[in-house]
Amino acid sequence: MEATAIILAGGKNSRMGKNKAFLQVGQKTIIDGLVNDLKTSFSEIIISSNEPELYDYLQVKIVKDIIPGLGPLSGMHSALQKATFEKSLILACDMPFLDMQLAELLVQESQGYDIAIPKLDKHLEPLFAVYDKTCVKHIEACLRNSISKIIDFYPKVKVNYLSWDMISELVGTEDVFFNVNTPKDLQKARRLRNSLLGGANMKTMLPIKEAQQLVLSEISKLPREDVKLLQASGRILAEEVNARDSLPPFDRSAMDGYALRSDDLANKEVTLEIIEDLPAGKVSEQEVTKGTAVMLMTGAPVPKGADTVVKREDVKRVGNKAIFAQQVKKGLNIDPIASDVSQGEKLLNSGAYLGPGELAILASQGYSSVSVYKKPKVAIVITGDELLEVHETLVPGKIRNSNRYMMAAAVMEIGAEPIIYPSVPDKLEETKELLMQAEIEADLVISTGGVSMGDFDLVRKALTDIADEVLFWKAKIKPGMPVFAAKKGNTVFLGLSGKPSGALLNFYLLAQPTINKLSGRLTYLPARFKARLQNDFNKGSGDRTRYLWAQAIFNDEWKVTHKNDKKMNSLLGYNALVEIPAESKPLQKGDLVNIIYLGSELNVTNN
């Protein structure tokens, strides 16, 4: 991202007795954590401090106050002048819970403004805000007049105030603005760090491929069961299937027509005697001899003595005589015995998806039942006090539970069985109890919401308490970053984003591959292709892989049109995702992009 990050580290630290930047929270000091996180997104990092030697090891740009003695405003003034880029994120050195998603949003929302700043209720967060270089002259005027309060120059510039409603779904909790000023604050920060991470060894912010591999490594395919043939539709075969019979089991007519000896049509026009009109399903008891023919239907056995079939429309019939006007080759319009399938030939591998064609093959071979892997049972748990049932009337502060239906449909679409639970209120013990019940009844537990950093994000807290192992928290994707994975017994829990777009993306990237493996499929991940972009995308991707809902078609090559829309209706009519790698620049129509195809079954090996 072409922006500067400025860390203000010029305070006297009188209340802590030591430099707050070097306080240990988790496995790193606060300043180490800030610099490490900021390097993933920002093109430049500046530390504003009058003790530059303390920060040399971080290998970032360090500036000293030009007009010292007036607190953070002095540091902002000096650092903004030295910044390479027009936009700079300003933050304090004692903020242990930097949220990079919010940082990126602030830079994005600062376009066309001098400042972009979070506004929480009635107070502002001036030390977690983005400032333009145009602010320098106004800050300098304040310093010359001994004004040290940061927000005093705001009336002179254009400010974009980002409300808590706008950013709450992104960050979940005001703890992202928490800073350490006292020993009690430090204790709280350490408690929060342990709670948020669910243990010091938990993996966080994983690339999606690593997250997929981690989850898939924890599960195995389900046991097999025998089902009737029609019940096998959409299931995964659990055995190798060989042909019991040759197909066709006899020399078969490929046309409605006349079976005869090809030698009889040596002349240009020949009349033959019709010795039998053979209906479908009957075997001729006549032998075709010189000068004779048998009329028969498509699929009928070719009579003894005949070696070719002339299609009906090429023959003139008069009573029991047929006039043939052309010569023919031996074997014309005859499907020889075993030309489709030979007895004993392997037809299907274990792991094959059983669609209409596969059921036709099985039926043709006399398989009235077949061994398949059991259908995965997928528990669907939706959380939130704000949720109404679909039939209920909207009231202020409430929304209808759309995620339940979206998740259930997604589960059924890939052949699994959803187990739908009532919505869970934001109460920790009730959340734990329901998740433990789901673990007993299901092979995979999917929840939406409750996995970010807020006080009411209780799914993450509940799973941290009840799981045998926490696999990871957060993936480097956009949308759907706050995803949580854990395991208890043989059951995997996937806590998905609460937003519909993020939750559905989490489903396709993590839940569907998991269900595919449980189902016994040979491949787990959706098919991937290169496609030609049909419309522009005018944003960079930042430090996370971005996914866009899209519609893809194949016409000589794959072509894809994305839906660059954060609204819920972007989920209408999609059959693909455009995958934009991290750090990508804006894209133009005609660019070649990666797509993940989400349409119907494709025989593509991609693992």
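Above this text is the structure in question.
About the cut-offs
- Residues numbered from 1 in each chain as written.
- Predicted model: local features only at pLDDT ≥ 70, side-chain atom pairs only at ≥ 80, totals over all residues.
- Heavy atoms only, no water.
- Pairing = 2+ DSSP bridges.
- Helix = DSSP H or I, 4+ residues; strand = E, 2+ residues; numbered from the N terminus.
- Axes fitted to C-alpha atoms, helices over the stretch in contact; angles between N-to-C directions.
- Contact = heavy atoms within 4.5 Å.
- Parallel < 35°, antiparallel > 145°, perpendicular 65-115°, else oblique.
- Left-handed = near helix turned anticlockwise from the far one by under 90°.

A. Up close: the sheet that holds strand S15 (residues 257–260). Across the sheet, which stays open at both edges, the 6 strands sit in the order S18-S15-S17-S16-S20-S19 with mixed pairing between neighbours. The two strands at the open ends of the sheet, each matched to only one other strand, are strand S18 (308–311) and strand S19 (315–318). Taking the axes of each pair of neighbouring strands and ignoring which way they run, one obtains an average angle of 35 degrees across the sheet. Summarising the sheet, S19 and strand S20 (residues 321–324) pair through 4 bridges and their orientation is antiparallel. Looking across to S20, one finds that Val318 is bridged to Lys321.

B. Broad picture of the sheet that holds strand S27 (residues 417–420). Reading across the sheet, the 7 strands line up as S11-S29-S31-S32-S28-S24-S27 and stay open at both edges, with mixed pairing between neighbours. Either end of the sheet is taken by a strand with one partner, and the two such strands are strand S11 (203–206) and S27. With strand direction ignored, the average angle separating the axes of adjacent strands in the sheet is 20 degrees. With 5 bridges joining them, strand S31 (residues 484–488) and strand S32 (residues 491–496) adopt antiparallel strand pairing. The partner of Ala485 across the bridge, within S32, is Leu494. Running at roughly 30 degrees to S31, helix H11 (residues 458–466) makes contact with strand S28 (444–448), strand S29 (469–475), S31 and S32 of the sheet.

C. Molecular detail of the packing of helix H9 (residues 402–413) against helix H12 (residues 500–519). Two elements in contact, H9 and H12, have axes separated by 11 Å at closest approach and are oriented at 30 degrees. Classified by the angle their axes make, H9 and H12 are roughly parallel. Considering how the two elements wind past one another, H9 and H12 form a crossing that is right-handed. Residue-level inspection shows Ser402, Asn403, Met406, Met407, Ala410, Val411 and Glu413 of H9 in contact with H12, the latter providing Pro500, Ala503, Leu504, Phe507, Tyr508 and Ile515.

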